[in-house]
Amino acid sequence: MRVIGKGVNREDGYEKVTGRALFADDHSFPGMLYARVKRSIYPHARILEIDTSRAKALPGVLAVATARDIPGMNVVHVVIDDQPLLADKTVMYVGEPLAVVAAETPEIAEQACDLIDVKYSKLPAVLDILKARGKSSPKIYKDNNVFAHHKIRKGNIEEGFKKADIVLEQIYRTPYQEHAYLEPQGMVAVPRYGSTMEIYGTMQCPFYVQQAVADITGLDLSRVRVVQTYTGGAFGGKEDVPSLVAGQAALLAYHTQRPVKLIYSREEDIISMSKRHPAWIKYRSGVTKDGKLTAVEIEFLFDSGAYSTLSSVVLWRGIVHSVGPYNVPHVKVDAYAVATNKVPCGAFRGFGSPQVIFAAETQMNELAAKLDMDPAQFRSINLLQEGDLTATSQLLDHSVGIGDTLKAALGSSNWRDKRKGSGGTDGSVRKGIGLSTVFYGVGLGAGGKQMARAGAYVQLLRDGSAQFAVGTTEMGQGMRTVLSQIVAEQLGIPYKKVYMIETDTSRVPDSGPTVASRATVMSGNALIKACAPLREILLKRAGIILGQDPQFLIFQDEMIHLEEHPEIAVPLMKVIEDCHHHRENMSHEGWFISPETSWDPETGQGKAYFIYSWATNIAEVEVDIETGQVKVLKITAAHDMGKAINPLLVEGQIEGGALQGMGYGLMEEVLVDEGRIINPNFSTYIIPTVIDAPEFQPIIVEKPFRDGPYGAKGFGELPLMGVAPAVTAAISHALGITLHEIPATPERILEAIQAAKKANLNG
Ligand code: MOS
């Protein structure tokens, strides 16, 4: 292949590094106003009165809108319609929007927000997920504070534990994680022609935004056009919440009939936008003395915050991944999304799985230790193989690369020697090495089946260049580049001749959200379908020119020639010109529907995802036992993504995802006091930087997916998934203790060392 499998430069790289790329805040329109949002200061309170008169009287203020001023529905639709755009009768979390203001300058808008007088009557807040389940807890959602409950029932759990020689039960906890995208939330709403609305902004899911704006304004979907601007990072944080931001801007544009720009400050972004769900996970598993898993029983709770948003689907992905990539005959899992009076949690790279993966992998490592077995050996006994059934009894009939990733990572990291040589007594520094093995369902799966389709539009122009449009978005992950490579390969033209038009709801049909590592497979396949008629037309025309039967012609090196006789050839460029001359339709569309998935909600059994990607992570660390400080030396990450359409981007994803996973495991903490986030900035919410970056060893394993474009499976989220448990496993190896909670901050590590000492003294 000419372009597929090559590490071509990012299509959008030049614009981004030179500063020419226009992000949300770089867009301006004549007569544009600036918006700010008035927010709740209490986690739970009844709204007695919102007095906007002083704000409205401020010179330069064009509009102040509350829930009463919404012409359509006061709802931000995600799964269950429980979230209003603007709070009406009660506020449910600190930072919840109450009113929006449009003014001539952002400063006036801010000042007007301060002039809005809100009278509250405080209500008791639900802040802890375990307490929220108690009878005496105040009820903020139905009569149990539970947004969603999912189950898995496979085999017979009692029987499974009876067969076990060792049973281990442990509670694990995982924290919030803030997306920390460089570009905060931002939207510009532009009313056009009196009765239409255009939206420009930073987002993953333009079709969600289109629906939200239609709901709020009461306009038909046909009158709402959403254009994605260059998006400075998202990681799931721009999946559902941009609907809220766009709704706020659109509401003001509707009332003023002027363009309105709304850009969140970093502080309000962190306070009010979604996070990774904190989790409480009770994990119990049984194993024979030969190391074979017999049963896994799990109960886990996600802290969903004040509104359900994506929680039920995040929980669903969590439950499917909760047992890990292991062959376990007897499984029982109960998962709950619990309501609290805190910021609503939502999508974050991994979408409910890094939490359960931390628990699963830590437990597997503990089981191996109990058996006095190398954790890699323990994995090779239990890992899923072709022909096995997952925890949801899905038959894995092909593309199961987990064993290959394990083998590659073990070899490359020199695992065996390092595992023996760890510990060490070099002053206060101890060395350790640890691993994790993970899988990841690609696409929306059975939990989002109705949206598992995508459209594409391709034009081959008379100068031999091609233009295409898809409904999925570029957010930094490299989709634009990968899809351009696919189009170039399909049409036989150079990569540089392919241009992707900005994602725009008016160009292609609703293609679902850009989430769940689905863009390469879904839009890639839609593009291949759109290119098929173009290829046919080109071959037919070349056949006429050459006087040959088109079925014996092939594309090669910008020529079309007879397969058996390469000398009987015509330049592709000449064929393209001829096609245009003969009035052929050189623009076509493609539509791809995902392979089937299924799910039984009572038993949690079914084909959850149409395919899985696989990875092994090995982390090497140094721990200072006097300070508790951890230095990650190296992460070896072997990934099976079916086919690396662009190996350079794959390596970049692995490095970025691994660093993000390292932050999750070691340092990132959203601090909440009585429902209030007290560290909403990057000087107190600490993420890893280049200084913390270890040496990365990315390894590509390719087990082709038969329904993937060129065999690709998609893996954008996977690099983060298994890193936190690999790092804590390495810490455990270095110190001879086990950490059941992340982040493994120096404080927590010192505490664990102290606790271990005490336990030793006591016997
Ligand atoms: Mo992604 S966390 O599926 O937006």
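Residues numbered from 1 in each chain as written. Predicted model: local features only at pLDDT ≥ 70, side-chain atom pairs only at ≥ 80, totals over all residues. Heavy atoms only, no water.

Novice: Even after reading the chapter, I still don't get unusual backbone geometry, so can you show me in this structure?
Specialist: With the exception of glycine, the majority of residues adopt a negative phi angle, and the majority of peptide bonds are in the trans configuration. Of note, the amide linkage connecting Ile742 to Pro743 takes the cis form, showing an omega dihedral of 0°. You can see Pro743 is positioned in the loop between α19 (723-735) and α20 (746-761). Its identity is not glycine, yet Asp557 carries a phi of approximately 45°, on the positive side. As for its position among the elements, Asp557 is in the loop between β21 (553-556) and β22 (559-562). (Helix = DSSP H or I, 4+ residues; strand = E, 2+ residues; numbered from the N terminus.)

Novice: Looking at this structure, how should I read the domain arrangement of the chain?
Specialist: It is common to give the size of an interface as the accessible area that goes away when the parts come together. In terms of domains, the chain is made up of domain 1 (23-123 + 196-263), domain 2 (279-445 + 600-762) and domain 3 (453-593). The gap between the C-alpha centroids of domain 1 and domain 3 is 40 Å. Together, the buried faces of domain 1 and domain 3 total about 1300 Å²; carbon and sulfur atoms form 55% of this surface. Run the count over domain 1 and domain 3 and you get 1 salt bridge. The partner of Arg225 in a salt bridge is Asp504, and the shortest N-O contact between them spans 2.6 Å. Counting only elements with at least two residues in the side of domain 1 that touches domain 3, the list comes to α6 (206-217) and β11 (224-228). Residues belonging to the side of domain 1 that touches domain 3 are distributed by class as follows: 10 nonpolar, 5 polar and 2 charged. (Domains from an automatic or database assignment. Buried area = accessible area lost by both parts, 1.4 Å probe. Salt bridge = Lys/Arg side-chain N within 4 Å of Asp/Glu carboxyl O. Nonpolar A, V, L, I, M, F, W, Y, C, P; charged D, E, K, R; others polar.)

Novice: How should the sheet that holds strand β6 (residues 117-122) be read in this particular structure?
Specialist: In sheet architecture, strand pairing relies on hydrogen bonds along the backbone and comes in two forms, parallel and antiparallel. Here 3 strands make up an open sheet; going across it, the order is β4-β2-β6 and the pairing antiparallel. Two strands in the sheet have a free side with no partner beyond their single neighbour: β4 (90-91) and β6. Inspection of the sheet shows strand β2 (residues 45-51) paired to β6 by 6 bridges, in the antiparallel sense. In the sheet register, Asp51 faces β6, and the bridge partner there is Asp117. (Pairing = 2+ DSSP bridges.)

Novice: Explanation requested: the nonpolar core in the structure shown.
Specialist: Taken as a class, soluble globular proteins show a tendency for nonpolar side chains to be buried jointly. Core analysis: the biggest nonpolar cluster contains 126 residues, and Phe300 and Ile731 have the highest contact counts within it. Split by domain, this core shows at least three residues from each of two domains, domain 1 (23-123 + 196-263) and domain 2 (279-445 + 600-762). If sequence neighbours within four positions are ignored, Phe300 has contacts with Trp280, Ile281, Leu315, Gly318, Ile319, Ser322, Val333, Asp334, Ala335, Tyr336 and Val356. Membership of the second largest hydrophobic core comes to 52 residues, among which are Phe468, Val521, Leu572 and Leu649. (Core = buried A, V, L, I, M, F, W, Y, C linked by side-chain atoms within 4.5 Å. Buried < 20%, exposed > 50% of the residue type's maximum accessible area, 1.4 Å probe, protein only. Contact = heavy atoms within 4.5 Å.)

Novice: Mind showing me how you'd approach the sheet that holds strand β14 (residues 293-305) here?
Specialist: One open sheet accounts for 5 strands, arranged β7-β15-β14-β13-β8; its pairing is mixed. The outermost strands of the open sheet, each flanked by one partner alone, are β7 (146-154) and β8 (166-174). Between one strand axis and the next, the sheet turns through 5° on average, direction left out of account. Pairing of β7 with strand β15 (residues 330-339), which is carried by 8 bridges, proceeds in the antiparallel orientation. Each bridged residue has a counterpart across the sheet, and for Arg153 the counterpart in β15 is Lys332. Of the strands in this sheet, β8, β13 (279-287) and β14 touch helix α10 (residues 353-370), which is tilted by about 145° from β8. (Axes fitted to C-alpha atoms, helices over the stretch in contact; angles between N-to-C directions.)

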